[in-house]
Amino acid sequence: MTNVATLDSPAVTTAKPKHYRPATELVHIETSTDPTGGPGSTVRDPYNAASVPIYQSATFKQPGAHGSGEYDYSRSGNPTRSHVESHLAKIMRAQRAFVVSSGMSALDVILRLVKAGEEIIAGDDLYGGTNRLLGYLSQYNGVVTRHVDTTEPLAVMEALNPEKTRIVLLETPTNPLIKIADISAIADLVHQQCPRALVVVDNTMMSPYLQKPLMLGADIVYHSGTKYLSGHHDLMAGVIGAKTQATAEQLYFVINATGCGLSPFDSWLLLRGVKTLAVRMEKQQDNARQIAEFLINQGFRVHYPGNPAHPQYELHKRLSSGPGAVLSFETGSTEVSERIVEATKLWGISVSFGCVNSLISMPCQMSHASIPAHVRQERALPEDLIRLCVGIEDPQDLLEDLENALHEAGALPRKSLG
Ligand SMILES: *Cc1c(COP(=O)(O)O)cnc(C)c1O
C-alpha cells in the first residue's frame with residue numbers, strides 16, 4: 001500500500017472530547033456549533049435537527065473545479081456515517097472509529113493489514129465466521145493463523161514470532177464457552193516481543209459499555225454492530241476503533257478502496273441504537289444474572305462470567321464492568337437439551353445475540369454446526385450445550401417459561417451439585 005499516510009479523509013477527529021459517565025456518554029451526542037468543526041461537529045445541520053439527518057446522497061457538489069468540499073462521494077465519506085463514527089470513537093476511547101457493512105466486514109478490513117508470509121495468532125474458541133475468513137486467508141493469501149488457548153498468556157507468548165507475527169486476535173469472553181483472555185497481560189507480552197504486531201480484540205460480546213479493550217492495551221477493537229450496539233436485530237453493521245492515527249489511516253484506506261462503509265440509513269439506525277445501549281445492557285445483564293442463579297441452583301453446569309464458580313471470575317472482573325447477558329449451560333443429554341429448546345415459548349430459537357428479545361439456541365446444532373464434530377470435541381464444546389441470550393422482558397416471565405420447558409423436557413427436578 002502506498003500513499004496511505006498522505007491520504008486524507010473527512011472528519012478526522014483530533015481534539016479530545018469531554019468524557020461523562022458511560023450512560024450519559026452514550027446518549028449525549030456532541031454537536032458543536034463551532035463552524036470550523038470539532039469532534040462530533042461533522043454534521044453542521046443548518047436547521048439544528050435533534051436527530052442527525054440521513055444524508056441519502058451518493059455524491060456531493062464541489063465548490064470549484066478543483067473540488068475541496070468536505071465530502072465528495074459516499075464511499076469515501078458521508079456526513080451521517082461520520083457522525084456515528086465520531087460518537088463511537090469517543091465511547092470506545094479510540095483515536096478514530098469506522099463503521100462498515102457488518103462485523104465480518106470489519107474483520108476483513110483489519111486483516112488486510114497482514115501481508116502474505118506474515119502470521120496471525122488467534123484463539124481456539126473463535127466465532128465461526130472468523131474461523132471461516134481466517135481459513136480463506138491461509139488458503140488463498142498465504143497468511144497462516146496459529147490457534148492457541150488464549151486463556152493462557154504464555155501459550156500466546158510461545159507462538160509469537162518477531163519476524164512474522166502481525167496480528168494477535170482475541171475474543172473475550174468467547175462464545176459459547178465463555179473463556180476469558182487477559183487482554184492487558186497479552187498486550188504487554190506482544191508489544192514487548194513483537195513491536196510490529198497489533199493486538200486486535202473482537203469485543204462484540206461485551207460491547208463498549210462493559211469493556212474497553214483500547215484502554216487495556218489493545219491496538220484495534222472491533223464489534224459486530226448487529227448485536228448490542230444496534231440492539232434490535234434490524235440492521236447489520238461492523239464497528240472498528242483504532243488506537244493511533246497511523247493505524248486509522250491504513251484502515252480508512254482499505255474501507256475507501258473496497259467500499260464497505262456503512263450506508264447512510266444504517267448509520268442512522270446504528271446511532272439510534274447506541275443511544276439506548278446502557279439501559280438495554282443493564283436490564284439484560286440484570287435478567288441474565290437471575291437466570292444464571294436459577295440454573296446454578298437447579299444444579300446445572302452454567303458458563304457465565306458472573307458465576308463466582310467461573311474459573312476466571314476475578315480476571316473478567318478486572319477487564320470489564322459486568323458479566324454481560326450471554327450464558328450457556330449443560331444438561332447432560334443432547335436429547336433433553338433439544339426438548340428444552342423446543343419447549344420454550346418466550347425464548348426465540350435463533351442464532352445471534354444482543355437483541356432486546358431473549359433467544360435460545362444449541363450452538364453445536366446451529367451457530368457452530370459448521371465446525372467439524374471432531375474439532376468440536378477437541379475444543380471440548382459439549383454437544384448438549386444450550387446458549388441463552390437474555391433480553392429485556394420481565395425476568396419472572398423468562399424464568400417461568402424456562403422452568404416450564406425444563407419440566408416438560410424432563411430436566412427437573414435435578415440433584416443439586418452441592
Ligand atoms: C456476530 C459476530 C461477528 C460477526 O458479525 P456480523 O455482523 O454478523 O458480520 C463477529 N464476532 C462475534 C463475536 C459475533 O458474535
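Residues numbered from 1 in each chain as written. Predicted model: local features only at pLDDT ≥ 70, side-chain atom pairs only at ≥ 80, totals over all residues. Heavy atoms only, no water.

### Topic: the overall build of the protein
When you go through the protein residue by residue, the secondary structure sums to 14 helices and twelve strands. Over its C-alpha atoms the protein spans a radius of gyration of 22 Å, differing by no more than 12% from the 22 Å that the globule rule assigns to 418 residues. Judged by the C-alpha coordinates and their principal axes, the protein covers about 75 × 50 × 35 Å. When the 418 residues of the protein are sorted by exposure, 56% land in the buried category. (Helix = DSSP H or I, 4+ residues; strand = E, 2+ residues; numbered from the N terminus. Rg over C-alpha atoms; globule rule 2.2 N^0.38 Å. Buried < 20%, exposed > 50% of the residue type's maximum accessible area, 1.4 Å probe, protein only.)

### Quick notes on the site of the ligand
Around the ligand lies a shell formed by Ser102, Gly103, Met104, Tyr127, Asp202, Thr204, Ser224, Thr226, Lys227, Met236, Ala237 and Phe353. In the model, an oxygen atom of the ligand is placed 2.6 Å from a nitrogen or oxygen of the Thr226 side chain. One nitrogen or oxygen atom from the side chain of Lys227 is found 2.6 Å from an oxygen atom belonging to the ligand. Its residues assigned to classes, the shell around the ligand comprises five nonpolar, five polar and two charged. (Near = heavy atom within 4 Å. Polar contact = N/O pair within 3.5 Å; in protein donor to acceptor, adjacent residues only side chain to side chain. Nonpolar A, V, L, I, M, F, W, Y, C, P; charged D, E, K, R; others polar.)

### Description of the sheet that holds strand E4 (residues 165–171)
Ordered by their spatial adjacency, seven strands build an open sheet running E1-E7-E6-E5-E4-E2-E3, and the pairing between neighbours is mixed. With partners counted over all chains shown, the strands left at the sheet margins are strand E1 (96–100) and strand E3 (144–147), one partner each. Strand after strand, the sheet turns through a mean of 20° between neighbouring axes, direction not considered. Where strand E2 (residues 119–122) meets E4, four bridges bridge the pair, whose relative direction is parallel. Across the sheet, the residue bridging to Glu119 is Thr165, located in E4. Here helix H2 (residues 79–92) sits on the sheet and contacts E1, strand E6 (220–224) and strand E7 (238–242); the angle it forms with E1, its principal contact strand, is near 130°. (Pairing = 2+ DSSP bridges. Axes fitted to C-alpha atoms, helices over the stretch in contact; angles between N-to-C directions. Contact = heavy atoms within 4.5 Å.)

### Things to note about the pairing of E3
Of the strand pairs in this sheet, E2 and E3 are connected by four bridges, and their pairing is parallel. Paired with Ala122 across the bridge in E3 is His147. In terms of handedness, the path from E2 via helix H4 (residues 128–140) over to E3 forms a crossover that is right-handed. (Right-handed = clockwise from strand over helix to strand, strands pointing away.)

### With respect to the pattern of salt bridges
Throughout the structure, instances matching the rule amount to seven salt bridges. Between Glu25 and Arg93 there is a salt bridge; the shortest N-O distance is 2.9 Å. Of this pair, Glu25 sits in helix H1 (residues 22–27) while Arg93 sits in the loop between H2 and E1, and the two are 68 residues apart along the sequence. The class of Glu25 is buried, set by a relative accessible area of 2%. Arg93 sits in the partly exposed class, given a relative accessible area of 27%. Here Glu118 makes a salt bridge to Arg196, at a shortest N to O gap of 2.9 Å. Residue Glu118 is found in the loop between helix H3 (103–111) and E2, and its partner Arg196 is found in the loop between helix H6 (183–193) and strand E5 (198–202); the two are separated by 78 residues along the sequence. On the basis of relative accessibility, which here comes to 40%, the residue Arg196 falls in the partly exposed class. (Salt bridge = Lys/Arg side-chain N within 4 Å of Asp/Glu carboxyl O.)

### Remarks on the packing of aromatic side chains
Tallied over the full model, the rule gives six aromatic pairs. Over the ring of Phe353 we find Lys227, and its NZ or CZ is 4.8 Å from the ring centre. (Phe/Tyr/Trp six-rings, centres within 6.5 Å; stacked < 30°, edge-to-face > 60°. Lys NZ or Arg CZ within 6 Å of the ring centre and 35° of its normal.)

### Looking at the confidence of the model for the protein
Predicted coordinates in regions of low pLDDT should not be interpreted in detail. Looking at the protein, pLDDT values average 91 and 92% of them are 70 or higher. Long-range and interchain partners of residues 33–41, a stretch whose pLDDT sits below 50, account for 13 contacts in this model, where long-range means more than four residues apart. (pLDDT = per-residue confidence, 0-100.)

### Remarks on the side chain of Thr344
Its location among the elements puts Thr344 in the loop between helix H12 (334–343) and strand E10 (348–349). Note on Thr344: relative accessible area 9%, which makes it buried. Here the side chain of Thr344 touches Val341 through a polar contact of 2.9 Å, landing on its backbone oxygen. If near-sequence neighbours (up to four positions away) are discounted, Thr344 is found in contact with Ile360, Asp401, Leu402 and Ala405.

### Side note on the sheet that holds strand E12 (residues 386–389)
By definition, the strands of a sheet pair up through backbone hydrogen bonds, in either a parallel or an antiparallel sense. With respect to topology, five strands assemble into an open sheet ordered E8-E9-E12-E11-E10, the strand pairing being mixed. This sheet does not close on itself; its edge strands, each paired only once, are strand E8 (301–303) and E10. Two strands pair when backbone bridges link them, and strand E9 (residues 326–330) and E12 are joined in this way by four bridges, in the antiparallel orientation. Counterpart to Ser328 in the pairing with E12 is Arg387.

### So, the environment of Thr59
One can find Thr59 in the loop between H1 and H2. Residue class for Thr59 comes out partly exposed when judged on its relative accessible area of 48%. The residues touching Thr59, leaving out its near neighbours within four places in the chain, are Asp72 and Tyr73.

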